[in-house]
Amino acid sequence: MNDMTQSAFHKPKVVGQRTPRVDGEFKLTGRAGYTGELHVEGMLYGYPVPATIANGELEALELDEALAMPGVVDIFHHGNFPKLHRSPNSMGHGDQVSEVRLPFEDERIYYHGQYIALVAAESFEQARAAAQRVVARYRQKTGAVSSLLDGDHDSDEEGQLLESAGSSRGDPEAAFDGSAVKIDEVYHIAAESHLQMEMHATLAEWQGEKLVVHESSQGVFYQRNAMARIFDMPQEHLEVISHYIGSGFGNKLFMWPHAVATAGAARELGRPLKVVLPRQQDMMSGGNRPASRQRIRLGADREGRLTSVIHDSTTETSLVDQYVDACGSATPSFYACDNLAVSQRILPVNHGTPCPMRAPGEVSGIFALETAMDELAVALEMDPVELRLKNYAESDPSSGLPWSSKQLDKCLQSAAERFGWAQRNPQIGSMRDGDEIIGYGMASCTWFAGRQPCEARVELRADGTLFAACGTQDIGTGTYTIVAQTVAELTGVKLSDIEVKLGETSLPAGPLSGGSMATATTLPAVAAAVRDALSALKEVATGSGGAFEGADADSLTVADGAFSDGNRTVSFADVLAANRLASVNGKGSSAPGDEQGEYSFRSFGAHFVEVRFDPGISRVRVARVVSTMDIGRAINPPTARNQVEGGIVMGIGMGLFEKLDYDPRDARLINSNVADYIVPVHADAPEIDVELLDYPDFKFNEFGARGVGEIGLTGIAPAISNALYHATGKRYRDLPVTIEALLADQRSA
Amino acid sequence: MRPFAFSRADSVDHAAHQTAPTAAFVAGGTTLLDLVKLDVMRPTALVDINTLPLKRVERLDDGRLKIGALVTNTDLAHHEEVKAHYPVLSQALLAGASTQLRNMATTAGNVMQRTRCPYYRDPAAACNRRAPGSGCDARDGINRMHAVLGGSTDCVAVHPSDMCVAMAAIGATLTLKGPDGEREVAFGEFHRLPGDTPHIEHDLRDGELITAITLDAPLVPAGSHYLKLRDRASYEFALASCAAQLSLDGELIGEARVALGGVATKPWRCAEAEAALVGQPAEIASFERAAEIALADARPLAHNGFKVTLAKQAIVRALREAARCAGETQEASA
Amino acid sequence: MDDSVHSSPNKSPLGTGDGEPLTVNFTLNGKATSLQVAPNAVLLDVLREQLQLGGTKKGCDHGQCGACTVHVDGQAMNSCLRLAAMCEGQHVTTVEGLSRDGELHPVQQSFLECDAFQCGYCTPGQMMSASALLADERIGTDDASVKEAMSGNICRCGAYKNILEAIQQARLAYDATAERGSVQRKEGAA
């Protein structure tokens, strides 16, 4: 091909340009149908009944009163729920689930909020009223483990060591022992809730042998594959649909038991059933970021060169599945250091199963590592930016491979300059404004760049419009829009004439919307499908009766939704019309390739944070965040920047507010609501200045994009805690940094 | 949310007569429906009182301000009389909840707000306030949010209102109308300490309706300040709050009013601290002494010890700001 | 709403029995609406399920997130904490009633231009609060006042910066269309 499609993404016109979201108007007018607000004929409403204990057995359910209530159709529980199969739960086979235990599988209770029954009724009000009248009797057991962070479990040796999750190089222990300067500290992070605004929701409808499931999902294919195993039915008989998702942040990647309960109950009822988890249940049983305990040992020479890095992590899992939140996964690639070890343990606790939450593992690990680096800078009396540059990894020290593209030095320099880092007086508490002490802090951040296999389909239509489809999802990151941009770039068709369909398993298999991988995964497949469709159309155009009959297909160029041979320009629509064709189709697929063995792919960035601490009233607020990110190319800069800004806001929550409170006596979750689990509100949003560097990473894919969903969150919490150290002289190694932690050693003033 | 009957009251007299013990009045509904959904409150009938003529704010001849029970928190916060003469009340109202909730919530409803204790809000937990005699899961549970003042063995739940803290500082009278006629109760006596009957939260009898709250005449010339300390910057209940009013007599404090929120089982007027301020110089040392007195009887639990310090900080800063306002008022009138 | 309201019609107690449906008449997005609702039916659920107006979102069901914000007689309220039966005679506006004649409301337009959302789930509530705020002279126009007034609408995607920018941008268009002040506040009457 010799036209614009060949090198389209090196000097693109639409890709990389500000593009208002193509799904924006649907979301802004209330017409976007999220799962919970869908309706189908004859639909019933389901309301789950959660266990009120965290450890024990269900002795009896008293259902008579609830069953007699108006509108109640049936109540499902261990005694009458159909026997199903557990999913093999494999990432490799695409049938991973969030919690492998099936709903109502037995009478054991492993966590507060575990479903013990599901009420189905004609109306939502009736289902809820009846659910509240289900009476459960339990045999409660003592010894529930409420948290990894309870004193009993807060040690290096707690939990099961996962050999496969560890790695090492050099001789880190000996190097640490022999280091001139050492840091050896323990860091704790409380369990967090995703608190995505749209609760988990399922609408299941059996159509004969077929099952159609609407789910708020970040991975419709994973859910389809798992459901096929669980219900022992062919994948072709299942369709999972997720057009609009009120975000997920990881807890909608893999299916949860509520979806199995809903589909199973719908089959028994012979009617469609809709279940929207109440917020309380969503927080108890719909995923969480597990608490972590990390010990970091850093050794350095007097000049600040790292001589040893040892990062030992323990994270929680549940008693009904094994989830590993790999805190140390970024550490081996972060800094140039010959001696390094990472280890990972997991400890089962009586919680609903943890799951990935935005930048899983790494965000926790980077908090510990980047706080420890600040401690090392203090010990060395060195500027923390200089310390990071001194240990800059010019290639990936974990693999020895060169980076595909790494601009962290430019991120540090640019953000420091815009922030005014040079004006920082490193003296503790030296910068004041009225009642407030100003603290400056910084941290680097990173997230790996990955790709998954992907397929896409494109249709050029006789009416001049273009249809592109892929079974991935748009969870709010703007996937609909960047797919449309890609199609527009390669065809010159206007965005308003491009229809994008995502979020259905009837479409070509698309990736999970997670891990910041959707962009780099989906767009190459879409581009391949567009090229395939254009080739097909060129064949039509140059074939018998075609608009360019007899011409060399390769000689046709593409612009503005038309072919040109240099003399004549004929629109795609006219080409199709000339041959009386309704459309031509193109298929495309893409997957990670040889580049994977040649380079290491990671995004990096830097956050600089100003906190304001008023010691007289123990009040801390994040006033200002200046960040620079190297994410390769941003396909749509405003939506990419929005991702980073949102990550910063979430990072303020992680740093200062967020903590799931499990009662130490019985592991019951006591703050499963949006008032008592504190997340940032408008008034907490600081002044934010995000810069996206523009270094397209063409070694990764032809778009040069590495993805942007996670990285903004990483590094914020340590930048805040480092700023607090600057303000107060006190080191905060536990998240969230609460008022009581700030108050320790303070007095009223 | 269990089924219930619903009716609309067409007059105050009628409302005051028609309620059975298991019925509830609904005005803003922001507490009631929240708790009915949680199955914490289980009314068999709701009486909608929103059309009753209780929405007037009027200055009485004696200088007091009479506020109708159904005046919304938003309207009260922005009312000219309140902004001019009771700015501490306006500040407290605007520090509470969210714009939407303030648009719904009423003055009397705010007085009747229930505690945010998570064990109270969970029917599966032991709570003497919700289920008398069942015990108190908060006392040895997670009690970061709980009271350090006014608690008992049976209950340590915090009264969550901001508005009531300002009213406690200002001084007010509630007008109650019931089957036996109308009566008045001093604001400070309306809310009960939990003692061994935490389920009796206030001095409101079956069938009685709060029809008005009348604020005492404003302290003049004075400065005031409402300071609310919490984890995030907005839309959160107080960890500690303070309503402070001061009048100045030159450099010395004339009168002082101090009330605390977020730390006590009822809106907490600090009379001894106030007395200790009178005649003292309006300076930090005086405020710190008052703060120590106000918290002298604090009884912290496992997780809320920080509230003792935080409440003192709230008092000192609120008094400082009130004194600054009073100083400006004094200068302006000099 | 002033004291004269108590002399309005339809003041007789409905006296419904345990869970018996009752009729409620109100104006929804400009249209007179009469519905049979259960006494314990919440406005939010009636909108989403009975009327199938899904634009108003459920994020917490307890007045803690703001996703369900609608206008009741011009004021932003949490529809999750309001019984449908309490809306008798009131004007209720949802996001579906925000745009008129196919034209996006200035707030919708500015939200689109400023990319003031991600997943879009809190967005209808954000816009209902924003449009009420712009019409409310009692709320300051500076950024801090807007952020404080908007704090009852949680956005977990964290698009706060762009939402603020969108509101301030819409203010310009809003002032021009003179809608400001069209919502008479109860202040005078109270």
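Quantities reported herein were computed from a predicted structural model and do not represent experimental measurements.

A short note on the overall build of chain B
- Broken down by element type, chain B carries twelve helices and twelve strands.
- Over its C-alpha atoms chain B spans a radius of gyration of 20 Å, differing by no more than 12% from the 20 Å that the globule rule assigns to 334 residues.
- Every one of the 334 residues in chain B was classed for burial, and the buried ones make up 65%.
- Counted over contacts in chain B with a minimum sequence separation of 6, partners at least 24 positions apart contribute 65%.
- As displayed, chain B offers around 11,100 Å² of accessible surface, 50% of which is attributable to carbon and sulfur atoms.
- Of the charged side chains in chain B, 35 are positive and 40 negative; the average position of the first set lies 6 Å away from that of the second.

Points about the overall build of chain C
- Scanning chain C from N- to C-terminus turns up five helices and five strands.
- Reading chain C from its N terminus to its C terminus gives the helix and strand order β-β-α-β-β-β-α-α-α-α.
- Expressed as a percentage of the 190 residues in chain C, the buried residues total 63%.
- Split by element, the accessible area of chain C, about 6,400 Å² in all, is 49% carbon and sulfur.

Overview of the nonpolar core
- Formed by 222 residues in total, the largest nonpolar core has its most connected members in Leu298, Leu376 and Phe563 of chain A.
- The leading source of residues in this core is helix H13 (residues 518-542) of chain A, at eleven residues.
- Counting residues in hydrophobic clusters, the runner-up holds 47 residues, among them Val12, Val57, Ala108 and Phe187 of chain B.

Section: the pairing of strand S15 (residues 306-317) of chain A
Residues and elements named next belong to chain A.
- Taken across its twelve residues, S15 has ten buried, putting it largely inside the fold.
- Where strand S14 (residues 292-300) meets S15, nine bridges bridge the pair, whose relative direction is antiparallel. Counted as the bridge partner of Arg293 is Thr314 from S15.
- In the sheet, S15 pairs with strand S16 (residues 340-348) via nine bridges, with the strands oriented parallel. Across the sheet, the residue bridging to Ser313 is Gln344, located in S16.

A word on the domain arrangement of chain B
- Domain annotation of chain B identifies domain 1 (5-48) and domain 2 (222-333).
- The gap between the C-alpha centroids of domain 1 of chain B and domain 2 of chain B is 36 Å.

Some remarks on the domain arrangement of chain C
Residue and element names in this part refer to chain C.
- Along its sequence, chain C is organised into domain 1 (18-96) and domain 2 (106-176).
- One C-alpha centre belongs to domain 1, the other to domain 2; they are set 22 Å apart.
- Counting residues at the interface gives 18 residues for domain 1, matched by 13 residues for domain 2.
- Buried surface at the junction of domain 1 and domain 2, summed over both partners, amounts to about 1,100 Å²; 59% is from carbon and sulfur atoms.
- The three residues of domain 1 that bury the most area against domain 2 are Lys57, His71 and Val95, which together make up 39% of that side's buried surface.
- The tally of links between domain 1 and domain 2 comes to zero salt bridges.
- In this assembly, domain 1 and domain 2 are joined by seven residue pairs in polar contact (both at pLDDT 80 or more).
- Broken down by secondary-structure element, the contributors of at least two residues to the side of domain 1 that touches domain 2 are strand S3 (69-72) and strand S4 (75-78).
- Looking at the side of domain 1 that touches domain 2, its residues break down into five nonpolar, ten polar and three charged.

Comments concerning the interface of chain C and chain A
- Tallying the contact residues gives 48 residues for chain C and 55 residues for chain A.
- Interface of chain C and chain A: buried area, both sides summed, is about 4,300 Å²; carbon and sulfur atoms make up 57% of it.
- Three residues, Gln118, Arg156 and Tyr160 of chain C, lead the burial of chain C against chain A; their summed loss comes to 20% of the area buried on that side.
- Residue Glu37 of chain A is joined to Lys57 of chain C by a salt bridge in which the shortest nitrogen-to-oxygen separation is 2.5 Å.
- One can count 30 residue pairs in polar contact (both at pLDDT 80 or more) joining chain C with chain A.
- Partitioned by chemical class, the residues of the side of chain C that touches chain A number 20 nonpolar, 15 polar and 13 charged.

Re the packing of helix H5 (residues 220-230) of chain A against helix H6 (residues 257-269) of chain A
Residues and elements named next belong to chain A.
- Running from N to C, H5 and H6 cross one another at 55°; their axes reach a closest spacing of 11 Å. Viewed along their axes, H5 and H6 adopt a mutual orientation that is oblique. Relative to H6, H5 is oriented so that their crossing is right-handed. Residue-level contacts link Gln223, Met227 and Ile230 of H5 to Ala259, Val260 and Ala263 of H6.
- In terms of residue class, the contact of H5 with H6 is made up of five nonpolar, one polar and no charged.

Digging into the packing of aromatic side chains
- As enumerated under the stated definition, the model contains 21 aromatic pairs over all chains in all.
- With 6.2 Å between their ring centres and 90° between their planes, Tyr187 of chain A and Phe367 of chain A make a pair best called edge-to-face. Here Phe367 of chain A lies in helix H9 (residues 362-380) and Tyr187 of chain A lies in strand S9 (residues 181-189), a separation of 180 residues in the sequence.
- Exposure remark for Tyr187 of chain A: the relative accessible area of 0% places this residue in the buried category.
- The rings of Tyr34, Tyr244 and Tyr480 of chain A together with Tyr121 of chain C are connected pair by pair, giving a single aromatic cluster.
- For Arg21 of chain A, the ring lying beneath its charged end belongs to Phe117 of chain C, and the centroid distance is 5.2 Å.
- When the ring centre of Tyr392 of chain A is taken as reference, the NZ or CZ atom of Lys406 of chain A above it lies at 4.3 Å.

Overview of the interface of chain B and chain C
- With 46 residues of chain B in contact, the opposing surface of chain C contributes 47 residues.
- For the pair chain B and chain C, the summed buried surface comes to about 4,100 Å²; carbon and sulfur atoms form 52% of the total.
- A per-residue breakdown of the area chain B buries against chain C is headed by Phe6, Arg8 and Gln100 of chain B, which together make up 19% of the total.
- Applying the counting rule to chain B against chain C returns three salt bridges.
- Among the ionic pairs, Arg8 of chain B bridges to Glu88 of chain C, the shortest N-O distance being 3.7 Å.
- Between chain B and chain C we count 16 residue pairs in polar contact (both at pLDDT 80 or more) in total.

What about the environment of Gly704 of chain A?
Residue and element names in this part refer to chain A.
- By the secondary structure assignment, Gly704 is in the loop between strand S28 (687-692) and helix H17 (716-728).
- For the pair formed by Gly704 and Ile635, sequence separation is 69 residues and the distance between their alpha carbons is 8.8 Å.
- The residues touching Gly704, leaving out its near neighbours within four places in the chain, are Ile631, Gly632, Arg633, Pro696, Asp697 and Phe698.

So, unusual backbone geometry
- At the junction of Leu735 of chain A and Pro736 of chain A, the peptide bond is cis and its omega measures out at -5° in the coordinates.
- Locating Pro736 of chain A in the fold gives a position in the loop between strand S29 (734-735) and helix H18 (739-743).
- Of note in this structure, Asp232 of chain A is not a glycine but carries a positive phi near 50°.
- Within the fold, Asp232 of chain A resides in the loop between H5 and strand S12 (238-241).
- Judged by its relative accessible area of 58%, Asp232 of chain A is exposed.
- Even without being a glycine, Asp115 of chain C presents a positive backbone phi close to 50°.
- Its location among the elements puts Asp115 of chain C in the loop between helix H2 (106-113) and helix H3 (123-134).

Some remarks on the pattern of salt bridges
- In this structure the tally under the stated criterion is 83 salt bridges over all chains.
- Between Arg305 of chain A and Glu303 of chain A there is a salt bridge, and its shortest N-O distance comes to 3.7 Å.
- For Glu303 of chain A, a relative accessible area of 41% gives the class partly exposed.
- A salt bridge links Glu436 of chain A to Arg612 of chain A; the nearest nitrogen and oxygen atoms lie 3.2 Å apart. Here Glu436 of chain A, found in strand S18 (residues 436-448), pairs with Arg612 of chain A, found in strand S26 (residues 602-614); they are 176 residues apart in sequence, far enough to count as distant.
- A single network of salt bridges, built from pairs that share partners, joins Asp435 and Asp614 of chain A together with Arg317, Arg320, Glu321, Arg324 and Glu328 of chain B.

Calculation notes
- Residues numbered from 1 in each chain as written.
- Chains lettered and ligands numbered in written order.
- Predicted model: local features only at pLDDT ≥ 70, side-chain atom pairs only at ≥ 80, totals over all residues.
- Heavy atoms only, no water.
- Helix = DSSP H or I, 4+ residues; strand = E, 2+ residues; numbered from the N terminus.
- Rg over C-alpha atoms; globule rule 2.2 N^0.38 Å.
- Buried < 20%, exposed > 50% of the residue type's maximum accessible area, 1.4 Å probe, protein only.
- Contact = heavy atoms within 4.5 Å.
- Areas by Shrake-Rupley, 256 points an atom, 1.4 Å probe, with all protein chains shown as cover.
- Lys, Arg positive; Asp, Glu negative; His and termini not counted.
- Charge placed at Lys NZ, Arg CZ, Asp CG, Glu CD.
- Core = buried A, V, L, I, M, F, W, Y, C linked by side-chain atoms within 4.5 Å.
- Pairing = 2+ DSSP bridges.
- Domains from an automatic or database assignment.
- Buried area = accessible area lost by both parts, 1.4 Å probe.
- Salt bridge = Lys/Arg side-chain N within 4 Å of Asp/Glu carboxyl O.
- Polar contact = N/O pair within 3.5 Å; in protein donor to acceptor, adjacent residues only side chain to side chain.
- Nonpolar A, V, L, I, M, F, W, Y, C, P; charged D, E, K, R; others polar.
- Axes fitted to C-alpha atoms, helices over the stretch in contact; angles between N-to-C directions.
- Parallel < 35°, antiparallel > 145°, perpendicular 65-115°, else oblique.
- Left-handed = near helix turned anticlockwise from the far one by under 90°.
- Phe/Tyr/Trp six-rings, centres within 6.5 Å; stacked < 30°, edge-to-face > 60°.
- Lys NZ or Arg CZ within 6 Å of the ring centre and 35° of its normal.

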